[in-house]
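# Inside the fold
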Amino acid sequence: MDLSSLAVILQAALSPNPQERKAAEESLNQYQYTPQHLVRLLQIIVDGNCDLAVRQVASIHFKNFIGKNWAPHEPGEQQKISPTDKAAVRDYLLEFIVRVPSLLRVQLGECLKTIINADYPEHWPALLTWVKCHLQDQQVYGALYVLRILSRKYEFKSEDERTPVYLIIDEAFPPLLNIFNRLVQIPSPTIEIAELIKLICKIFWSSIYLEVPKQLFDPNVFNAWMVLFLAMLERPVPTEGQPTDPEQRKSWEWWKVKKWTVHIMNRLYTRFGDPKLLKPENKPFAQMFQKHYAGKILECHLNLLNVIRQGGYLPDRVTNLVLQYLSSSISKSNTYQLLKPQLDIVLFEIIFPLMCFNDNDEKLWREDPHEYVRKGYDIIEDLYSPRTASIDFITELVRKRGKENLQKFLTFIVEVYRRYDEAAPGYKPYRQKDGALLAVGALCDKLKQTEPYKSQLEQMLVQHVFPEFRSQVGHLRAKAAWVAGQYASINFADQRNFSAALHSVVAGLRDPELPVRVDSVFALRSFVEACKDLNEIRPILPQLLDEFFKLMNEVENEDLVFTLETIVDKFGEEMAPYALGLCQNLAAAFWKCMQSAEAEEDLDESGALAAVGCLRAISTILESVSRLPHLFPQVEPILLPIMQRMLTTDGQEVFEEVLEIVSYMTYFSETISLEMWSLWPLMINALDDWAIDFFENILVPLDNYISRSTEHFLTCKEPDYQQSLFKVLSSVMTDKNIEDHDIEPAPKLIEAVLQNCKGRVDQWVEPYLRITIDRLRRTEKKYLKDLLIEVIANALYYNPHLTLNILQKLAVATEVFNLWFHMLQEVKKSGQKANFRREHDKKVCILGLTSLLSLPSELLPEESLRQIFRAVLDLLVAYKEQVAAKNNEDEDDDMDAWKTDDDEEEEDDSDKEMGVDTEDGDEVDSQRLHKLATQVHAGDEDDDSDDDFSDDEEFQSPIDNVDPFVFFSEIMKVMSVSDLRRFQILTQSLDFHYQAVANAVAHHAEERRVEIEKEKAEKAASGVVGKQ
């Protein structure tokens, strides 16, 4: 297709006629793989005589095709773009990327990023030469633009992937420094100069993000860069051409230069300027930075903040970054000493005013309260907020330098309170009072544990916070609720004060101002957690829940749901009368979040968190009524549509939460309905397709289906659940690309089948053993090896005769048992057994190996019999010791529960007083980190973490009621009757040690038999009493 024909098709793609548009798109798709098509598209994009709209359509089509087809996504996938076309595209992009309008440059920049990520350096080695060449001619902007993309490729790369960046720095940094130097010296720089400097800053940022390049360790080279950065910090932003619109102003190129310069200084200081945090070879650099530059940067930053103090403009992001630097300076002795003389000015004339309610807050509160709430609870907003950075500064100051600053700051706050109290109603400093309340709330952790303030908190709340619940000013009512929540957990001397505050917070749920209602919900959570007498809340619970759901219909906020979860958790089964209504409302709120997401084609952060929160709250409700199984069929119709929809690819963002709901529904309900069984295929399909990362979560409901609805699992043929389970487990276990850790739930599910379906799945024993042995041969992770051997043990317990025949048929019996016995004997460096470390692991092994002892003598040679017998005795001893140790631990835990709060406080009262400020405030933190690191490295000698081996108290299986000692004893009794000669050979061949063990096991088995009979009798008696 020639250029003119392609331009006509692109023009048609802009047609208002849907049919013409569709035909044009089909034509583009038809020709997209033809040779030269990409090159012609690019020629149209860069053709200044062509209509801009057509060029834009071409650029979007070009970008999408490049992103999808430039590099193969799968191994062995065929290249869809010829090498000739690729070379032409690369050359055209470099030549024209700076000549096209910015609207098109954005699209071409994305293409260049895709190509560089795929091709450099292997397939595009000449790129760096091109950059270096053009850094020294008239195409500086193009070279900087490309170098920025190139450097960003390596910004987050680990050390072993960063090799190419060293050559980039070697070749590009010297000319880059010269360009930067020339630009800084221009007396009246234009906005174009600002854009060039901004690109240089971004290139430098990407290059030093993870490590300082070795070239910069040269003091002369580093100083040359720092002189220029400090010059940019000190130089006032030009006033000429500065936009008046606030949004445009903060995005103005010169302010962006200032932002990136501050960003770089902060990064150098926080990551590379602290000798304590660096490797020994990098400490001289940090010491040099501290000595020569940290103080100069601090001085420049203080000058920047002085602009705010004088009523000038500083973008929020720049203010935030500057305050971050100041916060980092507090713990370092040299920078703190420089900060100290100006600290009062910083605290009271810059930091505190930033904490106060301001004009922008007022405007947003009045015009868009929903946005006010969103910004107030948005974590991302906090990253850019001067107010958040101010709070962080105050918090860090009183934490690291509290002795000399806490009293001074609180005296200032008390003075604000006094001026507010003494002023006439119309003239009160409402905004300053708001800032003072924010400060006190932010310092709650310090004040709650520091005398003399700790004992004065209740008086402070009653005198200065609680009265604002009745304020005529909305933002003070909101702030009072928030501060009250921060201190709800203190010990109130007068419980009436707690009650009054609680009821004021509850009243805030009906406030006419939305932000007050939301802050009240946030505070209520703390009051519910702290409430010692639930009768305070119980009478108003129905109204409370009504207000909750009214608010949930207004805003999507996860904190609303967190508070609801807290109430449900606190009241437990008392929530039963409300469970149905709660689930209905939460389901409705969840669907509302999802509909909003579909309308906007994306789920924003707050909406996503709210959606997840709704599902978590539903799980909390189901758990709270878990002992009331009759409620589950009532909530099932409400929750089933959510589960059915969100167990598909539509629910990937909430998959884990939905699986938890399915787990509760299949575990606590009296029966599993056919409607709930409709979820089985969805989970199997998800696991087979994309959900391997959720296998551990999927395990729980699948196990519930097998164990709690065994008959349906075994008898249903449409669909065939047994077949579908084997198919997916076979696929997972034979996939060489799936890591051992991700396989672990598979053998657990095979165990569930063999234990729950004993005697009814003979046809599946061999297929399951085949895939188990196949995976066992290439498994490296110890815990997975344990689980795979336990599949064999479970198969032996299921049917020892059948299983042994299969192992012999597959010619793996010797291999399997040799490995098993080796694993039983294997010991770690610490002296602990390396394998089968859970109680459950040992029990399964005992039952499997003991089952072999029941086989006729012709199936099991005497030598094998003796080896199995000794292995079982060892396992029984280890099992008994582990159970006893666990029981002792439980007793210790019970003793711990008797410890009072006073006991815990006495253990560490280092924070009760202000303490003595060390020369470097973070010395203690550093020592603790070093100690932890030492402990971690000390534990590295063993291959596997103990995390894999903890017994799950909630785990239940059909063998729970099988006592291994009694089981072993019964098998041996049968042998002594049916084959006395064999029994005698077995017992008499034992050495002294094993004879003693055998006698002890026999004695313990009798004790366990008596205990079990006693437990059964007591249970039966309690049942009779219950019926009476």
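Just so it is clear, the structure is predicted and the values come from calculations on it, not from any experiment.

## Section: the overall build of the protein
The number of helices and strands found in the protein is 52 helices and 0 strands. For the protein, the proportion of its 1028 residues judged to be buried stands at 50%. Of the contacts formed within the protein by residues at least 6 apart in sequence, a portion of 75% connects residues at least 24 apart. Looking at the protein as shown, the accessible area adds up to about 49600 Å², and 50% of this sits on carbon and sulfur atoms. Averaging the locations of the 111 positively and 164 negatively charged side chains of the protein gives two centres separated by 4 Å.

## Side note on the packing of helix H41 (residues 745–756) against helix H43 (residues 782–798)
One can describe the packing of H41 onto H43 by two numbers: an axis separation of 9 Å at closest approach and a directional angle of 10°. By the angle class used here, H41 and H43 are roughly parallel. The element H41 and its partner H43 pack so that their crossing is left-handed. Between H41, through Pro747, Lys748, Ile750, Glu751, Leu754 and Gln755, and H43, the contact on the second element is made entirely by Tyr783, Leu784, Leu787, Leu788, Glu790, Val791, Asn794, Ala795 and Tyr798.

## Structural notes on helix H25 (residues 457–465)
Of all the positions in H25, only Leu457, Glu458, Met460, Leu461, His464 and Val465 are classed as buried. Taken down its axis, H25 places every buried residue within 165° of arc, on the same side. Elements that come into contact with the buried residues of H25 comprise helix H22 (402–422), helix H23 (430–442), helix H24 (444–447), helix H26 (474–486) and helix H27 (495–508).

## Notes on a negative patch on the surface
Together, Asp569, Glu623, Glu656 and Glu660 make up a negatively charged patch on the protein surface. With respect to the element layout, Asp569 can be found in helix H30 (residues 558–571). When its relative accessible area of 60% is taken as the criterion, Asp569 is described as exposed.

## Overview of the side chain of Ser151
When you line up the elements, Ser151 lands in helix H8 (residues 140–152). Taking relative accessible area as the criterion, Ser151 reaches 1% and is therefore assigned buried. Residue contacts for Ser151: discarding those within four places in its chain leaves Ile203, Ser206 and Ser207.

## Remarks on the state of the cysteines
In this structure the tally under the stated criterion is 0 disulfides. The structure places no disulfide on Cys716, whose sulfur is separated from the nearest cysteine sulfur, that of Cys757, by 14 Å.

## Considering a nonpolar patch on the surface
A cluster of nonpolar side chains, namely Ile380, Leu383 and Tyr384, defines an oily patch on the protein surface of about 290 Å² accessible area. Turning to its location among the elements, Leu383 is positioned in helix H20 (residues 379–384).

## Some remarks on the nonpolar core
Core analysis: the largest hydrophobic core is formed by 339 residues, its most contacted members being Phe62, Leu268 and Trp820. Those residues in contact with Trp820 that lie beyond four places of it in its chain are Ile789, Ile792, Ala793, Leu796, Phe836, Cys845 and Leu849. By size, the runner-up hydrophobic cluster in this structure holds 5 residues, among which are Phe357, Tyr372, Ala478 and Val516.

## Comments concerning the packing of helix H9 (residues 163–184) against helix H11 (residues 219–234)
Two quantities define a packed helix pair, namely the angle between the axes and the distance from one axis to the other. Their axes nearest at 10 Å, the elements H9 and H11 cross at an angle of 35°. As for how H9 packs across H11, the hand of that crossing is left-handed. Within the contact between the two elements, H9 uses Phe173, Leu176, Leu177, Phe180, Asn181 and Val184 and H11 uses Ala224, Trp225, Leu228, Phe229, Ala231 and Met232.

## Things to note about the packing of aromatic side chains
Counted according to the given criterion, the structure contains 54 aromatic pairs. Relative to Phe289, the ring of Phe222 lies with its centre 6.2 Å away and its plane at 55°, an arrangement referred to as tilted. Here Phe222 is found in helix H11, whereas its partner Phe289 is found in helix H14 (residues 283–309), with 67 residues between them in sequence. Note on accessibility: Phe222 and Phe289 belong to one class, buried. Between the NZ or CZ atom of Arg267 and the centre of the ring of Tyr209, over which it lies, the distance is 3.8 Å. Over the face of the ring belonging to Tyr420 we find Lys428, whose NZ or CZ atom lies 4.8 Å from the ring centre.

## Brief notes about the environment of Thr34
Looking at where Thr34 falls in the secondary structure, it is placed in the loop between helix H2 (18–31) and helix H3 (37–45). Distance from Thr34 to Met643, taken between C-alpha atoms, is 45 Å for residues 609 residues apart in sequence. Polar side-chain contacts of Thr34 include one of 2.6 Å to the backbone oxygen of Tyr31.

## Digging into H11
In a regular helix each residue adds 1.5 Å, so 16 residues correspond to 22 Å; H11 covers 22 Å between its end C-alpha atoms and thus fits that length. Listing the buried residues of H11 in full gives Phe222, Trp225, Met226, Leu228, Phe229, Leu230, Met232 and Leu233. N-capping of H11 is provided by Asp218, with a side-chain oxygen placed 2.9 Å from the backbone N of Asn220.

Procedures and definitions
Residues numbered from 1 in each chain as written. Predicted model: local features only at pLDDT ≥ 70, side-chain atom pairs only at ≥ 80, totals over all residues. Heavy atoms only, no water. Helix = DSSP H or I, 4+ residues; strand = E, 2+ residues; numbered from the N terminus. Buried < 20%, exposed > 50% of the residue type's maximum accessible area, 1.4 Å probe, protein only. Contact = heavy atoms within 4.5 Å. Areas by Shrake-Rupley, 256 points an atom, 1.4 Å probe, with all protein chains shown as cover. Lys, Arg positive; Asp, Glu negative; His and termini not counted. Charge placed at Lys NZ, Arg CZ, Asp CG, Glu CD. Axes fitted to C-alpha atoms, helices over the stretch in contact; angles between N-to-C directions. Parallel < 35°, antiparallel > 145°, perpendicular 65-115°, else oblique. Left-handed = near helix turned anticlockwise from the far one by under 90°. Arc of directions from axis to C-beta. Patch = residues over 30% accessible without salt bridge, like charges linked within 9 Å, V, L, I, M, F, W, Y side chains within 5 Å. Salt bridge = Lys/Arg side-chain N within 4 Å of Asp/Glu carboxyl O. Disulfide = S-S within 2.5 Å. Core = buried A, V, L, I, M, F, W, Y, C linked by side-chain atoms within 4.5 Å. Phe/Tyr/Trp six-rings, centres within 6.5 Å; stacked < 30°, edge-to-face > 60°. Lys NZ or Arg CZ within 6 Å of the ring centre and 35° of its normal. Polar contact = N/O pair within 3.5 Å; in protein donor to acceptor, adjacent residues only side chain to side chain. Expected span 1.5 Å × (residues − 1).

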